[in-house]
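Residue strings, one per chain:
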Amino acid sequence: MPRTAATPPPVLPAAGPPPLGPAGSGLVAEIEAYLASLPAPARTPVPYVCPYGSALRPWQAGHPEPRATLLDRALGRPARPVPVSAADHLRLASRYIGAHGWLQGAMWDAAGRVCLLGAQAAVLAHGYGTPATVRTARAQLMEVLHATGRPARSPDEYNDRPTTREGDVHQLLDRAAARAARLGL
C-alpha cells in the first residue's frame, strides 16, 4: 500500500494567559449577534394613564343633560325628561350611589348619601326617565330579589336589612339592569 504523508498536528495559539472574562472569549459578540437576528417584539398598545390621577366623571356621564326649551323657560316648567330605558335607569341609580354614598334607614341624609329608593328618586328628579321607567325598574329589582332567593316586600326593605351592604345593592342593581336589557326594557 502506498504510504501517505502524515498530516501535521494543528497549530495551537501561542501559550499565553487565558482570555479574561466573556468579552475576551468572543461570547459577548456571539450573544449580541444572536439577539440582533431575533425579530423585534411586537408593541402592545397600553392605555394611557395620567400621572396625576384620573379625572372625576359625573354619575350621568354618557347621557345628555336635560335641556329646557324656550317654551319651557317661558312657561316656567322643568325640562322634558331624557328618555332612558329601565336598564339605563338602574345603571344610573348604581352610579349615583357610587358617587354620593349609600345609606340605610332613610332616603337621604345631610351629607348627600342615599338609599336605593333615594337613588332612584334622585335619578328621576335630575330628569332621567319617567315614573313609568322607575316602576318598570323596581319590578325588575323585585324579580331579581325573588329569583336569587332573597324575597322581600320591596327593594327598600332589602336595602334596610342589617345584613345588606353597599356592594350587595350595587350587585342587585347590576343584575336587574342586565335582566332588563335582556328583556329589552
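J.: Explain the overall build of the protein to me, using residue names and the numbers behind them.
T.: Looking only at helices and strands, the protein features eight helices and zero strands. Reading the protein from its N terminus to its C terminus gives the helix and strand order α-α-α-α-α-α-α-α. Relative to its full complement of 185 residues, the protein shows a buried share of 28%. When the accessible surface of the protein is summed, it comes to about 13,000 Å², and 62% of that surface belongs to carbon and sulfur atoms.

J.: Before we move on, can you summarise helix H6 (residues 131–147) with the specific residues and values?
T.: Taking 1.5 Å as the rise per residue, H6 with 17 residues should run 24 Å; its terminal C-alpha atoms sit 24 Å apart, in good agreement. For H6, the set of buried residues is Thr133, Val134, Ala137, Arg138, Gln140, Leu141, Met142, Val144 and Leu145. Buried residues along H6 sit in contact with helix H4 (86–100), helix H5 (116–125), helix H7 (155–160) and helix H8 (166–183). Gly149 occupies a position one or two residues after H6 and carries a positive phi of about 80 degrees.

J.: Before we move on, can you summarise the packing of aromatic side chains with the specific residues and values?
T.: Under the defined criterion, the tally for this structure stands at two aromatic pairs. When the centroid spacing of 5.0 Å and the interplanar angle of 85 degrees are considered together, the rings of Trp59 and Tyr96 count as edge-to-face. Placement of Trp59 in the loop between helix H2 (27–37) and helix H3 (70–75) and of Tyr96 in helix H4 is noted, with a sequence separation of 37 residues between them. An identical accessibility class is assigned to Trp59 and Tyr96; each is buried. Relative to Tyr128, the ring of Trp59 has its centre 5.8 Å away and its plane inclined at 75 degrees; by these criteria the two rings are edge-to-face. Taken together, the residues Trp59 in the loop between H2 and H3 and Tyr128 in the loop between H5 and H6 connect sequence positions 69 residues apart. Residue classification places Tyr128 among the buried residues on the basis of a relative accessible area of 1%. Aromatic rings pair up to connect Trp59, Tyr96 and Tyr128 into one cluster.

J.: Requested: an account of a nonpolar patch on the surface, with residues and values cited.
T.: The grouping of Leu27, Ile31, Tyr34, Leu35 and Leu38 at the surface amounts to a nonpolar patch, some 480 Å² of accessible area in total. Note that Leu27 resides in helix H2.

J.: Account for the pattern of salt bridges, with residues named and values stated.
T.: One pass over the structure, following the stated rule, counts seven salt bridges. We note a salt bridge from Arg138 to Asp156, for which the minimum N-O separation is 2.7 Å. Linking Arg138 in helix H6 with Asp156 in helix H7, this pair joins segments that are 18 residues apart in sequence. Residue class for Arg138 comes out buried when judged on its relative accessible area of 19%. Measuring nitrogen to oxygen at the nearest pair gives 3.7 Å for the salt bridge that ties Arg161 to Glu157. Glu157 gets classed as partly exposed once you look at its relative accessible area, which sits at 27%.

Cut-offs and rules
- Residues numbered from 1 in each chain as written.
- Predicted model: local features only at pLDDT ≥ 70, side-chain atom pairs only at ≥ 80, totals over all residues.
- Heavy atoms only, no water.
- Helix = DSSP H or I, 4+ residues; strand = E, 2+ residues; numbered from the N terminus.
- Buried < 20%, exposed > 50% of the residue type's maximum accessible area, 1.4 Å probe, protein only.
- Areas by Shrake-Rupley, 256 points an atom, 1.4 Å probe, with all protein chains shown as cover.
- Expected span 1.5 Å × (residues − 1).
- Contact = heavy atoms within 4.5 Å.
- Phe/Tyr/Trp six-rings, centres within 6.5 Å; stacked < 30°, edge-to-face > 60°.
- Patch = residues over 30% accessible without salt bridge, like charges linked within 9 Å, V, L, I, M, F, W, Y side chains within 5 Å.
- Salt bridge = Lys/Arg side-chain N within 4 Å of Asp/Glu carboxyl O.

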